[in-house]
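What follows is each chain in one-letter form.
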Amino acid sequence: ALPILRSGDSYIVNGKKWWSSGAGTANCKIAVVLGRTGNASSSRHKQHSMILVPMETPGVELVRSLKVYGYEDARHGGHFEVHFNNVQVPSSNIILGEIGRA
């Protein structure tokens, strides 16, 4: 799973996401990213969080468009492979599953 690691007042996101719907449209300003924030000793249901990542944040890279059932679906922004390379976002961007939050 894609790691989301706490660093002071921020989170650092690293990894790759596949089949990110709509990522190729100019209207896509924010990605909702699911990743692992908990440690392996936590219950597997408590290891994941969701965080908002603005698409213009340094380190966010649209790698390539992916076909779905052999078709390009660029009308709505398609499906993309997206890489997150040391992407730093404020801790206030966490929306679900923050450590210590029910």
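Residues numbered from 1 in each chain as written. Predicted model: local features only at pLDDT ≥ 70, side-chain atom pairs only at ≥ 80, totals over all residues. Heavy atoms only, no water.

1. A closer look at a nonpolar patch on the surface
Then, in step 1: A cluster of nonpolar side chains, contributed by Val 32, Ile 95 and Leu 96, occupies part of the molecular surface with about 260 Å² of accessible area.
Then, in step 2: Judged by its relative accessible area of 38%, Ile 95 falls in the partly exposed class. (Patch = residues over 30% accessible without salt bridge, like charges linked within 9 Å, V, L, I, M, F, W, Y side chains within 5 Å. Areas by Shrake-Rupley, 256 points an atom, 1.4 Å probe, with all protein chains shown as cover. Salt bridge = Lys/Arg side-chain N within 4 Å of Asp/Glu carboxyl O. Buried < 20%, exposed > 50% of the residue type's maximum accessible area, 1.4 Å probe, protein only.)

2. Quick notes on the environment of Asn 27
Then, in step 1: Position of Asn 27 relative to the elements: it lies in the loop between strand E2 (10–21) and strand E3 (30–36).
Then, in step 2: Linking Asn 27 and Gly 77, residues 50 residues apart in sequence, is a C-alpha distance of 8.6 Å. (Helix = DSSP H or I, 4+ residues; strand = E, 2+ residues; numbered from the N terminus.)

3. Some remarks on the pattern of salt bridges
Then, in step 1: In this structure the tally under the stated criterion is 1 salt bridge.
Then, in step 2: Two residues, Glu 81 and Arg 64, come together in a salt bridge whose shortest N-O distance is 2.7 Å. Remark: Arg 64 occurs in strand E5 (residues 60–66) and Glu 81 occurs in strand E6 (residues 79–90); sequence separation between them is 17 residues.
Then, in step 3: Take Glu 81: its relative accessible area is 5%, and that puts it in the buried class.

4. A word on the environment of Gly 24
Then, in step 1: Structurally, Gly 24 can be placed in the loop between E2 and E3.
Then, in step 2: Remark: the alpha-carbon pair of Gly 24 and Phe 84, spanning 60 residues in sequence, is separated by 15 Å.
Then, in step 3: Setting aside residues no more than four positions away along its own chain, Gly 24 makes contact with Leu 62, Gly 77 and Phe 80. (Contact = heavy atoms within 4.5 Å.)

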